[in-house]
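# Fold and contact review
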Amino acid sequence: MSDRSSLLDRRALFSSAAAAALLAATGVSAAGAPRRGGRLRMALSGASRSDSWVAGEGLFMQVARQGVVFDSLTEVAADGTLRGELALNWQSDREGRSWTFDLRRGVAFHDGARFGARDVVASLQSALGAGAVLRELGRHQVSITLAEPNTGLPLLISGPAFVIRPAHALTAGIGTGLYRVRQFSAGQQLIATRVAGHYKNGQAGWFDEVELVSVPSPDVRAQALAEEMVDAADLDAGKTPIARSIVAHPAQIGTQRPMDNLRAAERWWFA
């Protein structure tokens, strides 16, 4: 491997699990209103050459899916509260067995197809298991009947296993997220560009581009961050965390999950 390719292999972005500790250790926090622009470069662990948009549960693909390309029906906000994302609101029966979700209108997938109830049913049927019954109640409403009651369903489906995909292309890297795939190499790199006219405009998605690079070695991730080859990197517990001071984030970090459900790419910005 040449020196040049070695450097490229070491360019990567950070993990959701380590980011809160990273920033806390260096005192980085939100400084005024978010600013648009730039490319966020992250060095991440957990990638594999067998990764795809439907396979691979390492940190790299979890961030790629939920933090970059896809949306969910619900999300845990930066302040730790649960709110709607592709779902505007929801209600259930007293037991928490039967649920109805009202869906956001006017949302498009990255290929231009319109998002609707059909996509939710196709995406969540297998994720919720064979005992769940999902039905379209018109184009913008879905009912979910569970095999067993679960009053925590809205929180459950905010997780990375429940992202919403287009029914016509369930295995493709096509979502409704803030960033559209420009280049993807399994186990190596993802480059995604900001979607113009996204429904979250003014609320999230401050970078023009996001780059995730696979860096298996924690020592190399730390070195890449120290040499400013990346803007953030996930580091093993016990290692001295290092973060570039140019990265800012919302003042409140949710306690439900580290790094706000893997969503650093859409919530952070350059100070």
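Description of the structure in this document. (Residues numbered from 1 in each chain as written. Predicted model: local features only at pLDDT ≥ 70, side-chain atom pairs only at ≥ 80, totals over all residues. Heavy atoms only, no water.)

## Let's talk about the overall build of the protein
Note the threshold: Here a strand is any run of E in DSSP of at least two residues, a helix any run of H or I of at least four, and the numbering for each starts at the N terminus. Think of it in three bands: with a 1.4 Å probe and only protein chains considered, a residue is buried below 20% of the maximum accessible area for its type, exposed above 50%, and partly exposed in between. Any two residues having at least one pair of non-hydrogen atoms within 4.5 Å are treated as being in contact. In this description, accessible areas are obtained by the Shrake-Rupley approach with a 1.4 Å probe, and a residue is regarded as covered only by the protein chains that are shown.
Check the secondary structure of the protein and you find 8 helices and 13 strands. Burial statistics for the protein: of 271 residues in total, 51% are counted as buried. In the protein, of all internal contacts separated by at least 6 residues, the share reaching a separation of at least 24 is 67%. When the accessible area of the protein is evaluated, it comes to approximately 11600 Å², of which 49% is carbon and sulfur surface.

## Examining the sheet that holds strand β5 (residues 98–103)
How we decide: Two strands are said to pair when DSSP picks up at least two bridges between them. Lines fitted to C-alpha atoms define the axes, with helix axes restricted to the stretch in contact, and inter-axis angles between N-to-C directions lie between 0 and 180 degrees.
The strand order β4-β5-β7-β6 describes an open sheet built from 4 strands, whose pairing is antiparallel. Here the strands that pair on one side only, and so sit at the sheet edges, are β4 (87–92) and β6 (133–136). Averaged over neighbouring strand pairs, the angle between their axes works out to 20 degrees when direction is ignored. Across 5 bridges, the pairing between β4 and β5 is antiparallel. Each bridged residue has a counterpart across the sheet, and for A87 the counterpart in β5 is L103.

## Looking at the nonpolar core
A general feature of soluble globular proteins is that nonpolar side chains tend to end up buried together. Basically, it comes down to this: By nonpolar core we mean a set of buried residues, namely Ala, Val, Leu, Ile, Met, Phe, Trp, Tyr and Cys, connected to one another through side-chain atoms within 4.5 Å.
Grouped together as the largest cluster of nonpolar side chains are 27 residues, with contacts concentrated most on W53, V68, Y179, L190, F207, V210 and L212. Of all elements in the fold, only β1 (39–44), α3 (59–69), β9 (189–194), β10 (209–214) and α8 (264–267) reach the threshold of two or more residues within this core. Of all hydrophobic cores here, the second largest spans 25 residues; its members include F109, L128, L134 and F162.

## So, the environment of V163
Structurally, V163 is set in the loop between α5 (153–156) and β8 (179–185). Among the residues examined, V163 registers a relative accessible area of 2% and is labelled buried. Remark: the alpha-carbon pair of V163 and D71, spanning 92 residues in sequence, is separated by 5.6 Å. Not counting the four nearest positions on each side in its chain, V163 is found in contact with Q66, F70, D71, S72 and S123.

## A word on helix α6 (residues 218–226)
Heads up, the condition is: Here the arc refers to the directions that run from the helix axis out to each C-beta atom. In protein, a polar contact means a hydrogen-donor-capable atom and an acceptor-capable atom, both N or O and within 3.5 Å, with residues adjacent in sequence counting only if both atoms are side-chain atoms; elsewhere, any N or O pair within 3.5 Å suffices.
Among the residues of α6, those classed as buried are R221, A224 and L225. With its buried residues spanning 100 degrees around the axis, α6 presents them on a single face. The residue sitting at the N-terminus of α6 and contributing the capping side-chain oxygen is S217; that oxygen lies 3.3 Å from the backbone nitrogen of D219. Looking one or two residues beyond α6, the residue adopting positive phi is E228, at roughly 60 degrees.

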